[in-house]
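Working through the structure, step by step
In case you want the letters, here they are:
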Amino acid sequence: MAEVFDVVYVGAGPGGYTGAIRAAQLGLKTAIIEKGPTLGGTCLNVGCIPSKALLDSSEHYAGALHELAGHGVKVKDVQLDLPTMMGRKEKIVKDLTNGVAYLMKKNKITHFTGKGKLVTANQIEIAGADGTKQVIDTKNIVLATGSVVNELPTVPFDGKTIISSTEALSLPAVPKHLVVIGGGVIGLELGSVWLRLGSKVTVLEYTDHICGAMDLGMTKKLQTIMAKQGMEFMLEVKVTGAKSGKGGVEVSYEDIKEKTSKTITGDVVLVATGRKPYSEGLGLETLGIERDKRGVVNVNDHFQTTVPNVYAIGDLIRGPMLAHKAEEEGVAVAEILAGQSGHVNYETVPGVIYTWPELASVGATEEELKAKGIEYNSGSFPFTANARAKAIGMTDGMVKILADKTTDRVLGVHVLGPRASDVLAEAVVAMEFGGSAEDIARSFHGHPTLSEVMREAALAVAKRARQA
Ligand SMILES: Cc1cc2nc3c(=O)[nH]c(=O)nc-3n(C[C@H](O)[C@H](O)[C@H](O)COP(=O)(O)OP(=O)(O)OC[C@H]3O[C@@H](n4cnc5c(N)ncnc54)[C@H](O)[C@@H]3O)c2cc1C
C-alpha cells in the first residue's frame with residue numbers, strides 16, 4: 001500500500017517549514033515539498049536573512065567611518081572588502097538553510113525536492129529538476145508557495161542594471177548612483193545598505209510619503225533622519241519607463257504635482273514595488289481553487305481554500321507579506337488538523353523596517369484610529385532622553401503609544417529608534433494580553449535600557465512621564 005501522509009506542506013519557506021515542524025510535533029505524518037535546492041524560502045535565501053546580514057555589516061562599515069572616532073576609537077584607513085562582506089552573508093544563509101534541513105530530519109518530516117502540483121485534493125505530483133515525476137498521497141495539503149517580485153511592465157528587469165531585491169543582495173561592486181523605485185520596506189533597507197557602502201541613493205516614490213501604511217508621523221521623522229544620512233527622496237513621482245545606455249539607466253517619470261515629465265540617470269536601478277503571490281504551475285485551476293485578481297488565494301478563517309482539505313498560508317494569502325505572519329499561519333493549520341483550535345491574532349502582527357534607526361510598529365496607526373472614529377490618548381517619549389541610547393550613541397527617534405481614551409487598552413505602538421525591532425516586543429506581548437498603557441508603565445524595565453523609552457511613553461499616555 002502506498003504511503004499516505006496526514007499533511008503535506010508545499011513550499012519550505014517560513015510558513016511551510018515551521019508549520020511542518022508543528023504538525024510533526026503533534027504526531028501527524030508530515031511531508032514537505034520544495035522546488036528550490038535549499039530550504040527556508042524567500043526569507044532565508046533572498047529575503048529577511050541576507051538583507052539583515054548586509055544591513056548589519058554595512059552598519060559596522062559606516063560606524064567605523066563616522067562613529068568610532070567619537071567613541072575614542074581611532075581606526076586608520078577604513079576599507080570596504082565587499083567580497084568578504086558578501087561571503088559572510090552567504091555563510092549565514094547556508095548555516096540557516098542547513099539548519100532547516102536538520103530540523104526536517106530531526107522531526108522525521110519527509111522532504112521531497114521538486115515542484116509540487118495538485119493532481120486531486122489528495123494527490124500531489126512532484127516534478128524533479130532531472131525530469132523525474134512521482135505522485136504522493138495525502139489527507140490534507142497546505143499551500144505555502146509564497147510570493148515573487150512584482151515586475152514593473154514599464155521597467156523590465158535585465159538582472160544587471162535594472163534589478164530586483166534578489167540581485168541587490170549580491171551586487172559585485174558598489175554602484176555610483178543607485179536609483180530605487182519604491183519607498184517601501186525593501187527599497188529603504190537595500191537602499192540603506194548601498195548608501196552606507198558609498199552609493200548615492202535616490203528613492204522615487206509614487207505616494208506623498210515613504211513606508212506604505214505605517215504611522216505617518218513616524219515615517220516623516222524617519223525620512224528626515226535618512227535624508228540627513230544622504231538618502232535623496234523624490235515623492236509623488238510616477239515612473240513611466242527606463243532606457244539602458246552607455247551612461248547608465250535613464251529612468252523617466254512624471255512629477256505628479258508639477259505635471260511635468262523628467263528623467264534621472266543611475267548606473268543601477270532597483271525596482272522595489274512589492275511582491276505578488278506565487279502559484280504558477282501549482283494546478284489550482286484543476287481543483288477550482290479560487291484566487292482574486294491579484295492572484296491571492298482565497299481562504300476562510302480556518303485557512304481552507306475553496307477545497308476544504310486544501311489549506312493556504314503565508315504570502316500566498318491575504319495580509320502582510322511577513323515571515324512571522326506566515327509562520328503563525330503554518331502553525332495554526334497544523335494545530336487545526338490535529339484537532340486543536342489554531343488561531344492567528346492579526347491585531348498584533350509587528351512590522352519592522354530595518355533602517356537606521358529602525359521603525360517598528362504594532363497595531364493601529366493614528367490615521368487608522370481617526371478614520372474609525374476611535375478616541376485615543378497618545379503618549380510619546382524621545383530616545384534623546386534615554387541614558388542607554390546616549391551611551392550607545394544613537395539617540396534619533398522616539399516611542400509613541402496609542403491607548404483607548406476610555407479603557408487605556410493599548411491600540412497601537414510605534415517605535416523609531418535603535419533596535420526598535422527588539423524594543424517593540426514587549427508591546428506585542430502587552431497587546432496580546434489586552435494590556436493597558438498603565439500595565440506597561442507599572443512594569444519593571446531594567447536600567448539603563450532602551451526599553452525604558454517604552455515605559456516613559458506609557459507614562460506619557462497619562463501625562464506623567466518622569467524623565468523629560
Ligand atoms: C529582500 C526581502 C527582505 C525581507 N525582509 C523581511 C523581514 O525582515 N522580515 C519579514 O518578516 N519578512 C521579510 N521579507 C518577507 C518574507 O521573506 C516573506 O514574507 C516570507 O518569506 C513568506 O513566507 P512563505 O512561507 O509564505 O513563502 P516563501 O518564503 O516565499 O517560500 C515559498 C517557498 O515555496 C517554494 N515553492 C513555490 N512553488 C512551489 C511548488 N509548486 N512546489 C514546491 N515548492 C514551491 C519556493 O521555492 C519557496 O521556497 C522580506 C522579503 C524580501 C524579498
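Residues numbered from 1 in each chain as written. Predicted model: local features only at pLDDT ≥ 70, side-chain atom pairs only at ≥ 80, totals over all residues. Heavy atoms only, no water.

1. A word on helix α13 (residues 425–432)
Buried within α13 are the following residues: Ala427, Val428, Ala430 and Met431. With its buried residues spanning 165° around the axis, α13 presents them on a single face. Buried residues along α13 sit in contact with β19 (358–363), β22 (410–417), α14 (437–442) and α15 (452–461). Following α13 by one or two positions, Gly434 adopts a phi angle in the positive range, close to 65°. (Buried < 20%, exposed > 50% of the residue type's maximum accessible area, 1.4 Å probe, protein only. Helix = DSSP H or I, 4+ residues; strand = E, 2+ residues; numbered from the N terminus. Arc of directions from axis to C-beta. Contact = heavy atoms within 4.5 Å.)

2. Overview of the site of the ligand
Neighbouring the ligand are 37 residues; Glu34, Thr42, Lys52, Gly116 and Ala323 lie closest to it. Between the ligand and Glu34, the relevant distance is 2.7 Å, taken from an oxygen atom to a side-chain nitrogen or oxygen of the residue. With respect to the ligand, the backbone of Ala323 contributes an N or O atom lying 2.8 Å from an oxygen atom. Coverage of the ligand by the protein chains reaches 94% of its 1000 Å² of free accessible surface. Elements that contribute at least two residues to the shell around the ligand include exactly α1 (14–25), β2 (30–34), α2 (41–46), α3 (48–66), β4 (115–120) and α9 (323–337). (Near = heavy atom within 4 Å. Polar contact = N/O pair within 3.5 Å; in protein donor to acceptor, adjacent residues only side chain to side chain. Areas by Shrake-Rupley, 256 points an atom, 1.4 Å probe, with all protein chains shown as cover.)

3. Quick notes on the packing of α3 against helix α6 (residues 185–196)
For the pair α3 and α6, interaxial distance at closest approach is 9 Å and the crossing angle is 30°. Seen along the crossing, α3 lies across α6 with a hand that is left-handed. Taking contact as the criterion, the partners of Ser51, Lys52, Leu54, Leu55, Ser58, Glu59, Tyr61 and Ala62 in α3 are, on α6, Glu189, Leu190, Ser192, Val193 and Arg196. Its residues assigned to classes, the contact of α3 with α6 shows six nonpolar, three polar and four charged. (Axes fitted to C-alpha atoms, helices over the stretch in contact; angles between N-to-C directions. Left-handed = near helix turned anticlockwise from the far one by under 90°. Nonpolar A, V, L, I, M, F, W, Y, C, P; charged D, E, K, R; others polar.)

4. Re α6
Taking 1.5 Å as the rise per residue, α6 with 12 residues should run 16 Å; its terminal C-alpha atoms sit 17 Å apart, in good agreement. Counting buried positions along α6 yields 10 of 12 residues, so the element is predominantly enclosed. Of the positions making up α6, those classed as buried are Gly187, Leu188, Glu189, Leu190, Gly191, Ser192, Val193, Trp194, Leu195 and Arg196. Backbone geometry just downstream of α6 places Gly198 in the positive-phi region, at approximately 120°. (Expected span 1.5 Å × (residues − 1).)

5. Brief notes about the pattern of salt bridges
Evaluation of the coordinates by the stated rule reveals 21 salt bridges. Notably, a salt bridge pairs Glu335 with Arg22, separated by 2.8 Å at the nearest N-O pair. Of this pair, Glu335 sits in helix α9 while Arg22 sits in helix α1, placing them 313 residues apart in sequence. With a shortest N-O distance of 3.3 Å, Glu232 and Lys200 are connected by a salt bridge. Here the residue Glu232 occupies a position in strand β11 (residues 232–235), and Lys200 occupies one in strand β10 (residues 200–205), the gap between them amounting to 32 residues. Salt bridges sharing partners connect three or more residues here, namely Asp215, Glu366, Lys370 and Lys400. (Salt bridge = Lys/Arg side-chain N within 4 Å of Asp/Glu carboxyl O.)

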